[in-house]
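Each chain, letter by letter, is given below.
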Amino acid sequence: MGIIIKSEKEIAVMRQAGKIVAEVLRIVSRQVKPGMKTRELDIIAERELKNRGARSSFKGYRGFPANLCVSVNDEIVHGIPGDRVLKNGDVVSLDFGVIYEGFQGDAAVTVPVGEASPEARRLIATTREALESGIAAARAGAALGDVSAAIQDYAEARGYSVVREYTGHGIGREMHEEPQIPNCTEPPYGLKPGMGPVLKKGMTLALEPMLNTGDWHTRVATDRWTVLTADGGLSAHFEHTIAIDDTEPEVLTRGVYA
Ligand code: MG
């Protein structure tokens, strides 16, 4: 299949999809508070999607039962919203994808519940900055491995590990298109700087670093969805859908966080 280059017209539709992702995720993330069940966040996401004429990319994807992934504390990604009650000090990652007029948008944000510890707040801020550093490296003419290196270098210089087995991805009509976008440079998971495909205008990519306070190893819960840190350390996740342009990339899901 290879990497699919999008036309201006297709990117215009992805801009609409991305705007919906950002608006809904912003609304949902501002509702996060102690005492709330994670399912309530999914209900808000569903209502806001309907209001905008879009549908969830996640619901029904390989049987995933919700509109939104909600991953708490040592959960990294793919948490299923349910009866878990959020507590003051928890760290909540919200990952959300939509389909609008045949095209996808995908983004994630991590927020503290009530008053988080300085350690948790630093992890959240660094993960967001690691994403921004990957986006800054995603310029036409750069190699994909330059993006991977930018993310990993930013995270590790600040004492965090990057999750290996889950990666960013191309995105378009499908949620997951080529290429896979590792957040590290070491084989077998990673791409070294200067390696991998050269970025070109019209490529549309979802970058999504996951940073852990402990090491990068993961395990999957008995629900067969939720991915957790193997050592029980905290994890945070940020994601944006971007379009490669002539110079700097355009962030199609901008506006999720201030
Ligand atoms: Mg994604």
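Residues numbered from 1 in each chain as written. Predicted model: local features only at pLDDT ≥ 70, side-chain atom pairs only at ≥ 80, totals over all residues. Heavy atoms only, no water.

### Thoughts on the overall build of the chain
In step 1: What the chain contains, in helices and strands, is four helices and 15 strands.
In step 2: Taking 18 Å as the expected radius of gyration for a compact globule of 258 residues, we find that the chain reaches 17 Å, a close match to that expectation.
In step 3: Viewed in the frame of its principal axes, the chain has a C-alpha envelope of about 45 × 40 × 35 Å.
In step 4: Sorting the 258 residues of the chain into buried and exposed places 56% on the buried side.
In step 5: Counting contacts in the chain only where the partners sit at least 6 residues apart, residues at least 24 apart contribute 70% of the total.
In step 6: Accessible area for the chain stands at about 10900 Å²; split by element, carbon and sulfur atoms hold 51% of it. (Helix = DSSP H or I, 4+ residues; strand = E, 2+ residues; numbered from the N terminus. Rg over C-alpha atoms; globule rule 2.2 N^0.38 Å. Buried < 20%, exposed > 50% of the residue type's maximum accessible area, 1.4 Å probe, protein only. Contact = heavy atoms within 4.5 Å. Areas by Shrake-Rupley, 256 points an atom, 1.4 Å probe, with all protein chains shown as cover.)

### Re the pattern of salt bridges
Where charged atoms of side chains with opposite charge meet at close range, the side chains can pair.
In step 1: For the structure on display, the rule yields 19 salt bridges.
In step 2: Two residues, Arg 164 and Glu 186, come together in a salt bridge whose shortest N-O distance is 3.5 Å. With a gap of 22 residues between them, Arg 164 in the loop between strand S6 (161–162) and strand S7 (168–170) and Glu 186 in the loop between strand S8 (177–181) and strand S9 (204–207) connect regions that are remote in the sequence.
In step 3: Accessibility expressed as a relative area gives 11% for Arg 164, which makes it buried.
In step 4: In this structure, Asp 245 and Lys 201 form a salt bridge, with 3.0 Å as the shortest nitrogen-oxygen distance. Within this pair, whereas Asp 245 is found in the loop between strand S14 (240–243) and strand S15 (250–251), its partner Lys 201 is found in the loop between S8 and S9, the two being separated by 44 residues in sequence.
In step 5: Owing to a relative accessible area of 37%, Lys 201 belongs among the partly exposed residues under this scheme. (Salt bridge = Lys/Arg side-chain N within 4 Å of Asp/Glu carboxyl O.)

### Remarks on the pairing of S9
In step 1: What you see with S9 is no split at all: Thr 204 and Ala 206 on one side and Leu 205 and Leu 207 on the other are buried throughout.
In step 2: Pairing of S7 with S9, which is carried by two bridges, proceeds in the antiparallel orientation. Opposite Gly 170, over in S9, you have Leu 205 as the bridge partner.
In step 3: For S9 and S14, the ladder comprises four bridges, and the chain directions are antiparallel. Following the sheet pairing, Leu 207 is matched in S14 by His 240. (Pairing = 2+ DSSP bridges.)

### Here we look at the coordination of the magnesium ion
Each donor-metal-donor angle would ideally measure 109.5 degrees in four-coordinate tetrahedral geometry, or 90 or 180 degrees in six-coordinate octahedral geometry.
In step 1: Bound to the magnesium ion are the protein donor atoms Asp 106 (OD), His 169 (NE2), Glu 208 (OE) and Glu 239 (OE), situated 2.2 to 2.3 Å from the metal.
In step 2: Written as a sequence motif, the donor residues of the magnesium ion are D-x62-H-x38-E-x30-E. One end of the pair, Asp 106, is in strand S5 (residues 103–112); the other, Glu 208, is in the loop between S9 and strand S10 (210–212), with 102 residues separating them in the sequence.
In step 3: Asp 106 gets classed as buried once you look at its relative accessible area, which sits at 3%. (Donors = N, O, S within 2.8 Å, 3.2 Å for Na, K, Ca; no water.)

### Thoughts on the packing of aromatic side chains
In step 1: The tally for this structure, following the rule as stated, stands at three aromatic pairs.
In step 2: An angle of 70 degrees between the planes, with centres 5.8 Å apart, marks the rings of Tyr 189 and Trp 216 as edge-to-face. Taken together, the residues Tyr 189 in the loop between S8 and S9 and Trp 216 in the loop between S10 and strand S11 (218–220) connect sequence positions 27 residues apart.
In step 3: The class for Tyr 189 is partly exposed, based on a relative accessible area of 35%.
In step 4: Seen from their ring centres, Phe 238 and Tyr 257 are 5.5 Å apart, and the 85 degrees between their planes marks the pair as edge-to-face. Residue Phe 238 is found in the loop between strand S13 (235–237) and S14, and its partner Tyr 257 is found in the segment after S15; the two are separated by 19 residues along the sequence. Tyr 257 matches Phe 238 in its accessibility class, with the two residues each being buried.
In step 5: Between the NZ or CZ atom of Arg 158 and the centre of the ring of Tyr 154, over which it lies, the distance is 3.6 Å. (Phe/Tyr/Trp six-rings, centres within 6.5 Å; stacked < 30°, edge-to-face > 60°. Lys NZ or Arg CZ within 6 Å of the ring centre and 35° of its normal.)

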